[in-house]
Amino acid sequence: MKNRIKVLRAEHDWSQAEVADKLGVARQTVVALEAGKYAPSLPLAFKIGKLFGKTVEEIFDADSD
Amino acid sequence: MADTNPTAVAKRRYIIALCGCMAAYAVILIPAIWLLSHDVVAGPLRYAVALAPAVPIVFVWLTILRYWATTDELERRVMLESLGVAGAITALLAATYGFLEGAGLPHLSAWWTWTVFMASWLVGRLIVQRFYE
């Protein structure tokens, strides 16, 4: 699923490890999310939205697979 | 400073617990084999000694279950999908060899299914992981 996590992370000047720690997931999960290889669960998607101060729809492209 | 990421903490605990289980397995297995091979024990006690190495194996699976429950969602998915691959490979090989036994190949011990399952879990993990990289 396409998303803007990489862009938002760059805007906040956070590393993948920092985002992983803030979300409580492994760095590999952030890598998979950014690459669009993994669609997160609803709770994790909301957590990502809260972390970047955006809605889920603003971060994830529901039309992409 | 120690890593406080919950997934990293879960992995560290998992590896330590797994090493403990494997050490316990070795400590129990060696005397169990000696007792059985020297016919030191008989009757119901013989079965208890033979089953003793299974106890740490139960703890291995409890450790795996605890790791599954405490790690992050992608790792959980990778674990489950690779277990599915391992189950499918093992079932396929077991059924195939079962048919071949009917054609005259020698009867094998059930032990090989354990070995195949654990080996194919590792192979399955390497395959599944690639889909998320």
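Peer 1: Is there a simple way to think about the overall build of chain A in this case?
Peer 2: From N to C terminus, chain A includes five helices and zero strands. The N-to-C order of helical and strand elements in chain A reads α-α-α-α-α. Relative to its length of 65 residues, chain A is compact, with a C-alpha radius of gyration of 10 Å against a globular reference of 11 Å. Taken along its principal axes, the extent of the C-alpha atoms in chain A is 30 × 20 × 20 Å. Burial status across chain A gives 42% buried among its 65 residues. Sequence-distant contacts in chain A: of pairs separated by 6 or more residues, those separated by 24 or more amount to 57%. Summed over its atoms, the accessible surface of chain A is roughly 3,800 Å², and 51% of this surface lies on carbon and sulfur atoms. A distance of 4 Å separates the average location of the 10 positive side-chain charges in chain A from that of its 10 negative side-chain charges.

Peer 1: Help me understand the state of the cysteines, please; the structure alone is not making it clear to me.
Peer 2: By definition, a disulfide links two cysteine residues through a covalent bond between their sulfur atoms. This structure, assessed with the given rule, holds zero disulfides over all chains. Cys19(B) forms no disulfide, and the closest cysteine sulfur to it belongs to Cys21(B), at a distance of 9.3 Å.

Peer 1: What exactly am I supposed to notice about a nonpolar patch on the surface here?
Peer 2: Taken together, the side chains of Val55(B), Val58(B), Phe59(B), Leu62(B) and Leu65(B) make up a nonpolar region of the molecular surface, amounting to roughly 470 Å² of accessible area. Here Leu62(B) falls in the partly exposed class, since its relative accessible area comes to 45%.

Peer 1: It is not clear to me how the interface of chain A and chain B should be interpreted in this structure. Could you clarify?
Peer 2: One frequently used descriptor of interface size is the decrease in accessible area upon assembly of the parts. Taken together, the 13 residues of chain A in the interface contact 11 residues of chain B. Between chain A and chain B, a total of about 970 Å² is buried, with carbon and sulfur atoms accounting for 48% of that surface. Counting across the interface, chain A meets chain B through zero salt bridges. Put simply, chain A and chain B have seven residue pairs in polar contact (both at pLDDT 80 or more) between them. Elements represented by at least two residues in the side of chain A that touches chain B include exactly α2 (16–23) and α3 (27–34) of chain A. When residues in the side of chain A that touches chain B are grouped by element, the largest group, three residues, is from α3(A). Residue composition of the side of chain A that touches chain B, grouped by class: seven nonpolar, four polar and two charged.

Peer 1: Would you explain the domain arrangement of chain B in this entry?
Peer 2: Residue and element names in this part refer to chain B. Domain annotation of chain B identifies domain 1 (1–71) and domain 2 (72–133). Computed over C-alpha atoms, the centres of domain 1 and domain 2 are 21 Å apart. Opposite the nine residues of domain 1 that make contact, domain 2 presents 11 residues. Interface area, domain 1 with domain 2, both sides summed: about 900 Å², of which 72% is carbon and sulfur. Run the count over domain 1 and domain 2 and you get zero salt bridges. Here domain 1 is connected to domain 2 by three residue pairs in polar contact (both at pLDDT 80 or more). Broken down by element, the side of domain 1 that touches domain 2 gets its largest block of residues, seven residues, from helix α3 (residues 54–70).

Peer 1: Where do I start with the nonpolar core in this structure?
Peer 2: Counting residues in hydrophobic clusters, the biggest one holds 22 residues, and the most contacted among them are Ile5(A), Ile48(A), Phe52(A), Ile59(A), Phe60(A) and Tyr132(B). Of all elements in the fold, only α1 (5–11), α2, α3, α4 (42–52) and α5 (56–59) of chain A together with α4 (73–102) of chain B reach the threshold of two or more residues within this core. A per-element tally of this core places α4(A) first, with four residues. Excluding residues that lie within four positions of it along the chain, Phe60(A) makes contacts with Met1(A), Lys2(A), Asn3(A), Ile5(A), Pro40(A), Ala45(A) and Ile48(A).

Peer 1: Honestly, the pattern of salt bridges in this entry has me stumped. Any pointers?
Peer 2: Evaluation of the coordinates by the stated rule reveals three salt bridges over all chains. A salt bridge links Arg9(A) to Glu34(A); its shortest N-O distance comes to 2.4 Å. Here the residue Arg9(A) occupies a position in helix α1, and Glu34(A) occupies one in helix α3, the gap between them amounting to 25 residues. Arg46(B) serves as the salt-bridge partner of Asp39(B), at 3.4 Å between the closest nitrogen and oxygen. When its relative accessible area of 55% is taken as the criterion, Asp39(B) is described as exposed.

Conventions and cut-offs
Counting restarts for each chain, with residues numbered from 1 along the sequence as it is written. Chain labels run from A onward and ligand labels from 1 onward, assigned in the order the entries are written. Totals for whole chains, interfaces and linings use all residues, but because this is a predicted model, local features are given only for residues with pLDDT of at least 70 and pairs of side-chain atoms are given and counted only at 80 or more. Just so you know, side-chain values use all the structure's heavy atoms and leave hydrogens and water out. Secondary structure follows DSSP: runs of H or I at least 4 residues long count as helices, runs of E at least 2 residues long count as strands, and numbering of each begins at the N terminus. We compute the radius of gyration from the C-alpha atoms alone; for a globule the expected value is 2.2 Å times N to the 0.38, where N is the number of residues. Each residue gets one of three labels from its accessible area relative to the maximum for its type: buried under 20%, exposed over 50%, partly exposed in between, using a 1.4 Å probe on protein chains only. Residue contacts are counted whenever heavy atoms from the two residues lie within 4.5 Å of one another. Here the open area of atoms and residues is found with the Shrake-Rupley method and a 1.4 Å probe, where only the protein chains shown may cover a residue. Two residue types count as positive, namely Lys and Arg, and two as negative, namely Asp and Glu; His and chain ends fall outside the count. Positions of charges follow a simple convention, taking NZ of Lys, CZ of Arg, CG of Asp or CD of Glu. The disulfide criterion used throughout: a pair of cysteine sulfur atoms within 2.5 Å. Grouping into patches uses exposed residues only, defined as over 30% relative accessible area, and leaves out salt-bridged ones; the cut-off is 9 Å for like charges and 5 Å for nonpolar side chains (Val, Leu, Ile, Met, Phe, Trp, Tyr). What counts as a salt bridge is simple: a side-chain nitrogen of Lys or Arg found within 4 Å of a carboxyl oxygen of Asp or Glu. Once two parts are put together, the accessible area they lose, assessed with a 1.4 Å probe and summed over both, is termed the buried area. Within 3.5 Å is the distance limit for a polar contact, defined as a pair of N or O atoms, with the added protein rule that one can donate a hydrogen and the other accept it, and that residues adjacent in sequence qualify only through two side-chain atoms. Following the grouping adopted for this structure description, the nonpolar residues are Ala, Val, Leu, Ile, Met, Phe, Trp, Tyr, Cys and Pro, the charged ones are Asp, Glu, Lys and Arg, and the polar ones are all others, Gly among them. Domain borders in the structure are assigned automatically or taken from a domain database. We call a set of buried Ala, Val, Leu, Ile, Met, Phe, Trp, Tyr and Cys residues a nonpolar core when their side-chain atoms join them within 4.5 Å.

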